[in-house]
Amino acid sequence: MTLTNSTPAATALATLAAQFCERVNVDLSPSHADQVIADLKRQHPEHADQIDAMGAALAAARTPADFYTESVELDDAPFEQTYEMLRRTFLPAELEPRERYREMIDPAERGTTLYPLVLVGTFWRTPGICRYDEQSALTAFDYDPLGLRYSAHVQSVVNSNYMRLPTEKFTAASFGAIGHTAPYPPTREVNLGALQAFEARMVSMAQERGDTFRLFMVEADADCAEFFYEAGYRQPKGSYYEQPPLEFDCDTGKALHQPVPQTLMVKAHNPQHPDKIETDLLKAAVRVMVEQWCLFGLEECAGFKQAKAQIERLLLAFDSSLPKDVWVDLVEPDTDA
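Here's what I pulled together on the structure shown here. Note that the structure is predicted; figures quoted are calculated from it, not measured.

### Quick notes on the packing of helix H9 (residues 279-295) against helix H10 (residues 304-321)
Right, so step 1: Where H9 meets H10, the closest approach of the two axes is 11 Å, and the angle between their N-to-C directions is 150 degrees. In terms of orientation, H9 and H10 fall into the roughly antiparallel class. Viewed along their axes, H9 and H10 form a crossing whose handedness is right-handed. Residues Leu282, Lys283, Val286, Arg287, Val290, Glu291, Cys294 and Leu295 of H9 pack against Phe304, Ala307, Lys308, Ile311, Glu312, Leu315, Phe318 and Asp319 of H10.

### Here's the deal with the nonpolar core
Right, so step 1: Grouped together as the largest cluster of nonpolar side chains are 35 residues, with contacts concentrated most on Leu165, Phe175, Met217, Leu264, Leu282, Val286 and Met289.
Right, so step 2: Listed by contribution, the elements that provide at least two residues to this core are strand S5 (151-165), strand S6 (173-182), strand S7 (212-220), strand S10 (260-268), H9, H10 and strand S12 (327-331).
Right, so step 3: No other element matches H9, which puts 10 residues into this core.
Right, so step 4: Dropping the residues within four chain positions of it, leucine 165 is found in contact with Phe170, Ala173, Phe175, Leu281, Ala284, Ala285 and Val288.
Right, so step 5: One finds Tyr162, Val203, Ala206 and Ala231 within the second-largest nonpolar core, a separate group that totals 25 residues.

### Re the sheet that holds strand S1 (residues 68-71)
Right, so step 1: Across the sheet, which stays open at both edges, the seven strands sit in the order S1-S2-S5-S6-S7-S10-S9 with mixed pairing between neighbours. The strands lining the two open edges of the sheet, one partner per strand, are S1 and strand S9 (241-243). The sheet shows a mean angle of 35 degrees between the axes of neighbouring strands, taken without regard to direction.

### Some words on the state of the cysteines
Right, so step 1: Applying the stated criterion to the full structure yields one disulfide.
Right, so step 2: The disulfide partner of cysteine 250 is cysteine 301, and the S-S distance across this bridge is 2.0 Å. Around the S-S axis, the bridge from cysteine 250 to cysteine 301 shows a dihedral of about -100 degrees and counts as left-handed. You can see cysteine 250 sitting in the loop between S9 and S10 and its partner cysteine 301 sitting in the loop between H9 and H10, a full 51 residues away along the chain.
Right, so step 3: Looking at cysteine 301, the relative accessible area reads 13%, which means it is buried.
Right, so step 4: The structure places no disulfide on cysteine 130, whose sulfur is separated from the nearest cysteine sulfur, that of cysteine 21, by 7.7 Å.
Right, so step 5: According to the relative accessible area criterion, cysteine 130 is buried, its value standing at 2%.
Right, so step 6: The thiol of cysteine 294 is not disulfide-bonded; the next cysteine sulfur, from cysteine 301, is found 14 Å away.
Right, so step 7: By relative accessible area, cysteine 294 is classed as buried at 4%.

About the criteria used
- Residues numbered from 1 in each chain as written.
- Predicted model: local features only at pLDDT ≥ 70, side-chain atom pairs only at ≥ 80, totals over all residues.
- Heavy atoms only, no water.
- Axes fitted to C-alpha atoms, helices over the stretch in contact; angles between N-to-C directions.
- Helix = DSSP H or I, 4+ residues; strand = E, 2+ residues; numbered from the N terminus.
- Parallel < 35°, antiparallel > 145°, perpendicular 65-115°, else oblique.
- Left-handed = near helix turned anticlockwise from the far one by under 90°.
- Contact = heavy atoms within 4.5 Å.
- Core = buried A, V, L, I, M, F, W, Y, C linked by side-chain atoms within 4.5 Å.
- Buried < 20%, exposed > 50% of the residue type's maximum accessible area, 1.4 Å probe, protein only.
- Pairing = 2+ DSSP bridges.
- Disulfide = S-S within 2.5 Å.

The structure is reproduced here in structure tokens:
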């Protein structure tokens with residue numbers, strides 16, 4: 001433990017903190033911690049308040065309750081934790097490489113592209129470099145009595161794109177498309193904070209860019225449809241959606257994966273009409289999302305036209321499932337269809 005304040009009192013407190021950490025890390029159970037606290041207070045009654053503070057910090061680290069949300073920017077410490085949670089949750093084929101993510105959240109690229117990547121996370125801090133396992137269970141406790149060091153830990157993540165509709169009919173209209181949410185399946189207790197922060201960030205980005213924000217969108221399967229429904233997302237009535245392949249052979253354009261039936265769910269950002277959405281707007285947004293996610297980077301491939309034709313067939317099937325009316329109602333998802 002490095003000290004910037006080397007007074008006798010600070011040195012004594014640092015030594016006591018080191019003893020506390022060494023002893024509680026033998027067994028991180030609450031009963032063992034209570035025994036360590038009692039022993040140390042008998043040995044060092046003059047530091048009873050500080051020992052109680054260490055015990056409180058351990059309890060808070062064991063069961064975090066004070067969370068905060070933020071957008072993860074390039075070079076921010078939470079980036080590595082954020083990406084690691086995504087890496088542990090999803091298959092390599094479902095996730096861009098770490099370096100590609102770092103490129104996509106570069107402020108210079110976010111400021112110019114029509115489809116900037118947005119990572120939003122929910123985090124908690126500990127007053128020391130604590131360690132957790134993949135289930136967020138505390139495995140090693142650390143405490144800095146001077147408050148000079150802390151570590152940030154990720155609770156949940158939303159990986160998304162801010163997308164713009166570059167069409168004359170929807171001038172300067174934009175929407176937010178969710179790519180991943182972790183941990184998965186999402187729950188209200190763990191994932192809702194990050195989802196709400198994502199929604200707020202999408203709206204603020206639209207204001208920064210002078211756009212009119214129109215809707216949020218997610219491809220949902222049976223494991224997450226209920227979570228998004230409780231958060232206000234709905235299925236366009238009667239819609240049939242298949243998640244297109246994300247990878248194609250560059251030479252032949254052949255899809256490397258089959259389309260997967262999913263439930264497209266949207267949340268209209270329209271207080272006047274929260275339970276319906278313009279049919280043409282929905283079609284345009286889905287087209288932008290799918291083409292950006294599935295065809296980006298394939299333009300120079302020999303098989304680009306063949307890949308695009310497969311995507312087009314899936315988009316036309318989705319369009320055909322929607323009503324011919326100007327508006328489509330937003331309803332409870334039919335995950336059994």
